[in-house]
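# Descriptive analysis of the structure
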Amino acid sequence: MESNQNDYHISFFKPTTAQAKWNRNLAIKLILIWAVAVFGFHFLLRAIEKPTPEEAYVQYEKVWENISKENASIEEMQKFAHSSLSVLGKVFIKTEQKSALQNAVSWSAFQLADSAQKIMLIDEVIKFETLKSEINSISDPEYIATKRSLSELASSILGLAQNDVRTKLISLELASSDMKVFKAESKELIPSIMSTYLIHNQSFLTDFKFLGFPFHYFYSAVFLLILFVFLCWLYCVRVDKMHLELDIDE
Amino acid sequence: MKKFLLPIILLLSPSILFAAGASTQLEGGFKIGPAIILITILCVFVLVGVIFRAKDTADFYAAGRGISRIGSGMAIASNWMSAASFLGMAALMYGSGYHGLAYVVGWTGGYVLLLILMAGQIRKYGKYTAADFIGDRYYSQGLRATGAIIAILISISYCVGQFGGIGLMFKWILGLDYAPAVIIGGSVVLAYTLISGMLGVTKNMQIQYVIIIVSFLIPLFILTFKFDYFWLLPQIGYGSVVSDIASGVPIAETTQLFNALGHEYAMVPSPEFVMPWDPATGQTFFQWIAIAFSLMIGTAGLPHVIQRFYVVPKARDARWSVVWGLFFICILYWSAPAYAAFGKILSANPEVGKLAKDAIVVYTAQLGNVNPLIVGLLAAGGVSAAFSTVSGLLVAGSSAFAHDLYVKIINPKASPKMQLLMARLGTILMAVIVTLLALKNWALIAQLVAVAFSLAGVTIFPLFLLGIWWSGSNKQGAIAGLIAGLLVAVIALTYFIAGKEGVTLPYHEFINYWLGAWYFAWIGAPLAIFTNIVVSKLTPETPLEIRKFLVLNVHS
């Protein structure tokens with residue numbers, strides 16, 4: 001009885017039948033491929049990544065010291081405003097960080113404007129803000145005209161090229177209440193905002209392009225799914241073959 | 001040719017006429033075109049079900065055996081593809097870039113585990129529900145009841161995200177606020193489930209799959225074509241969209257491309273959308289790995305997924321249906337990130353405003369100036385995906401209540417009429433609970449659904465894995481493992497709900513990070529397995545008949 005009882009044991013790691021052994025070996029091989037492909041790749045991605053700054057961060061870093069002391073040159077102020085606008089146009093910008101950047105851009109534009117431009121700038125911003133709160137649709141002709149004229153004025157003050165994407169953002173990011181003072185709380189927040197949004201985890205796996213994708217993105221979004229289907233297909237083919245070899249009829 | 005086209009055009013004309021008048025505004029009032037499409041699709045589901053029922057009753061089993069592997073694969077895919085796949089995945093990637101791919105990888109990679117470790121063996125075991133398997137394998141009525149309760153909880157958790165998706169789409173179609181849209185959507189899905197049940201509708205999952213996938217793919221072909229990418233295979237063509245987001249899209253000087261609101265197709269460089277665990281997204285490497293792992297083991301432990309393998313005639317068919325099912329699921333999963341990528345560029349101008357992430361698939365099509373009729377079809381496809389999953393889950397949950405709990409434990413002498421009444425009451429009760437939870441709007445659809453996966457990962461997955469592969473796992477081990485898994489789940493969910501309700505518990509940041517509600521299975525599952533093994537080793541051996549059954553029936 002005792003020996004009989006011991007005959008009936010199933011353990012993945014100690015297979016007792018030929019089929020169970022075959023199955024165990026196949027499962028281990030496929031799960032290893034699966035685990036290395038998914039987790040191994042991502043551990044590798046993690047191991048080789050380097051914090052890589054965007055051009056906007058490099059420019060910001062060069063000028064920040066003088067900006068924070070409020071003794072920057074015109075060129076430095078423009079570069080700072082450009083970097084701040086680059087973050088404001090980001091896809092993931094958080095609401096609470098937006099106001100610090102809006103303050104930075106508004107203040108920079110106001111500082112860079114000559115006395116005549118200062119009056120025009122404030123008037124245009126206030127007019128645009130009023131219109132923004134009144135209109136029902138962004139296709140309102142007066143709203144569009146004011147936005148365009150403010151964008152042209154601010155872009156020329158900040159030295160933005162005509163086809164620069166940031167010219168489309170500038171009129172929406174200026175705030176009349178933020179122009180005269182670069183607030184202490186904004187100043188305090190700017191370094192961490194810049195490093196959060198403008199430094200990225202990059203490596204040759206993220207920079208190399210494959211079929212138009214950054215390679216790592218292609219790997220996870222396309223290749224891994226193909227691999228999963230292939231592993232499943234391979235498993236079924238091998239199990240069918242094993243059943244034929246061992247003459248098993250399910 | 002015109003002879004054939006004319007009746008089709010006439011048939012479609014009311015919706016075309018109404019849709020033509022629909023505004024291109026992202027939100028707005030009642031949209032008659034999409035509403036008609038949605039009603040039509042739901043009626044088609046019910047009608048086709050009724051027609052197939054008439055055929056099936058005559059030769060039900062032969063018909064079941066006659067379903068091809070491809071057909072079974074489509075059924076698996078249709079059963080799987082819910083609002084989380086249709087709406088939620090694009091939402092996650094829109095909101096957190098590469099981090100969202102953890103969900104894509106997790107929800108597909110889990111099928112490899114399911115196939116290699118479970119599908120064939122589950123079929124050979126020959127039970128009908130997860131609770132049945134647990135009760136029999138661990139020779140315990142208490143565990144059977146616990147298994148049934150867990151299956152109901154998983155169904156509820158899974159449905160909450162679906163109701164959120166239904167609510168968002170009803171909000172868009174009917175032009176209502178979220179709360180009334182959830183209540184109306186919830187009522188419609190409940191009515192649909194009850195009517196389908198009363199008519200004895202046989203769900204034709206192949207047709208559901210075709211409608212869902214076609215509605216998802218058409219706008220994508222249009223978007224890639226319109227914005228000058230490789231449109232013949234948009235699942236590859238959108239790679240250049242991703243690269244464009246990383247490097248920025250300058251304002252074109254020659255060809256002018258605009259979104260529906262008149263903004264240039266342009267944006268500043270945004271590598272944070274593309275780069276892994278970017279600080280800007282607030283997500284980390286650990287979270288990526290934990291989510292992918294939790295979703296994978298959750299997939300292999302979801303009762304309604306496992307249950308599909310009981311109904312196929314042979315173990316071999318069960319295995320091959322997984323291959324086809326995964327392929328059909330991947331068609332959607334290869335495509336969903338493209339919506340997120342297009343959505344990012346098309347909504348880059350601050351004037352677009354903050355969009356509800358879970359509806360980004362529809363907003364992207366709208367912003368891309370896709371024909372309102374096709375956008376309506378897309379929205380209706382999203383609702384259909386949620387409906388087909390929810391109705392299945394409500395039925396599965398209510399049968400667990402009526403069959404596994406009421407008949408097997410509470411009232412074994414219940415008449416079939418009483419059992420039916422209990423099932424219907426169970427369906428209504430579940431729908432009410434789910435609606436109330438969906439109104440809370442606690443998280444994104446995919447995240448809410450991921451809670452169900454983690455719950456399955458810490459409870460059902462360890463019981464099935466050890467139950468199939470180690471005869472040494474016994475009743476005591478199963479109980480201890482289940483307690484360990486549930487303990488992790490309770491801690492994680494308590495902190496999650498408390499946080500959402502504004503209550504700060506001790507160490508809330510630590511717990512919310514390491515035991516996130518949608519990935520607590522990364523530690524809960526190994527802990528449950530370890531506890532099960534240790535306790536099983538210290539307690540009396542599994543009865544001989546169970547071990548014998550495993551050796552002779554499951555592994556031979």
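Remember, it's a predicted structure, so these values are computed and weren't measured experimentally.

### Quick word on helix α22 (residues 521–538) of chain B
Residue and element names in this part refer to chain B. The terminal C-alpha atoms of α22, which comprises 18 residues, lie 25 Å apart, in line with the 26 Å expected from a rise of 1.5 Å per residue. Those residues of α22 not exposed but buried are Ala-521, Gly-524, Ala-525, Ala-528, Ile-529, Thr-531, Asn-532 and Ser-536. Along the axis of α22, the buried positions cluster into a sector of 165 degrees, meaning they face one direction only. For α22, the exposed residues lying more than 90 degrees away from the buried face are Phe-530, Lys-537 and Leu-538. Check the buried side of α22 and you find it contacts α13 (285–299), α19 (445–469) and α20 (475–500).

### As for the domain arrangement of chain A
Here the domain parsing of chain A yields domain 1 (25–49 + 203–245) and domain 2 (52–201). Each of domain 1 of chain A and domain 2 of chain A was reduced to a C-alpha centroid, and the two centroids are 45 Å apart.

### As for the side chain of Ser-384 of chain B
Residue and element names in this part refer to chain B. Mapped onto the elements, Ser-384 comes out in helix α17 (residues 372–410). Exposure remark for Ser-384: the relative accessible area of 0% places this residue in the buried category. When residues no more than four places from it in sequence are discounted, the contact partners of Ser-384 are Ile-41, Phe-45 and Ile-212.

### Some thoughts on unusual backbone geometry
In this structure, Glu-70 of chain A takes a positive phi of about 60 degrees despite not being glycine. You can see Glu-70 of chain A is positioned in the loop between α3 (55–68) and α4 (74–88). We classify Glu-70 of chain A as partly exposed; its relative accessible area is 44%. Non-glycine residue Asn-441 of chain B carries a positive phi angle of around 50 degrees. By the secondary structure assignment, Asn-441 of chain B is in the loop between α18 (416–440) and α19. Exposure remark for Asn-441 of chain B: the relative accessible area of 46% places this residue in the partly exposed category.

### A closer look at the packing of α20 of chain B against α22 of chain B
All names here are of chain B. Where α20 contacts α22, the two axes come as close as 7 Å, and the packing angle between them is 155 degrees. Taken together, the axes of α20 and α22 are roughly antiparallel relative to one another. The handedness of the crossing between α20 and α22 comes out as right-handed. Residues Gln-476, Gly-477, Ala-478, Ala-480, Gly-481, Ala-484, Gly-485 and Val-488 of α20 touch α22, and the partners they reach there are Ile-523, Gly-524, Leu-527, Ala-528, Thr-531, Asn-532, Val-535 and Ser-536. Tallied by class, residues from the contact of α20 with α22 come to 8 nonpolar, 8 polar and no charged.

Calculation rules
- Residues numbered from 1 in each chain as written.
- Chains lettered and ligands numbered in written order.
- Predicted model: local features only at pLDDT ≥ 70, side-chain atom pairs only at ≥ 80, totals over all residues.
- Heavy atoms only, no water.
- Helix = DSSP H or I, 4+ residues; strand = E, 2+ residues; numbered from the N terminus.
- Expected span 1.5 Å × (residues − 1).
- Buried < 20%, exposed > 50% of the residue type's maximum accessible area, 1.4 Å probe, protein only.
- Arc of directions from axis to C-beta.
- Contact = heavy atoms within 4.5 Å.
- Domains from an automatic or database assignment.
- Axes fitted to C-alpha atoms, helices over the stretch in contact; angles between N-to-C directions.
- Parallel < 35°, antiparallel > 145°, perpendicular 65-115°, else oblique.
- Left-handed = near helix turned anticlockwise from the far one by under 90°.
- Nonpolar A, V, L, I, M, F, W, Y, C, P; charged D, E, K, R; others polar.

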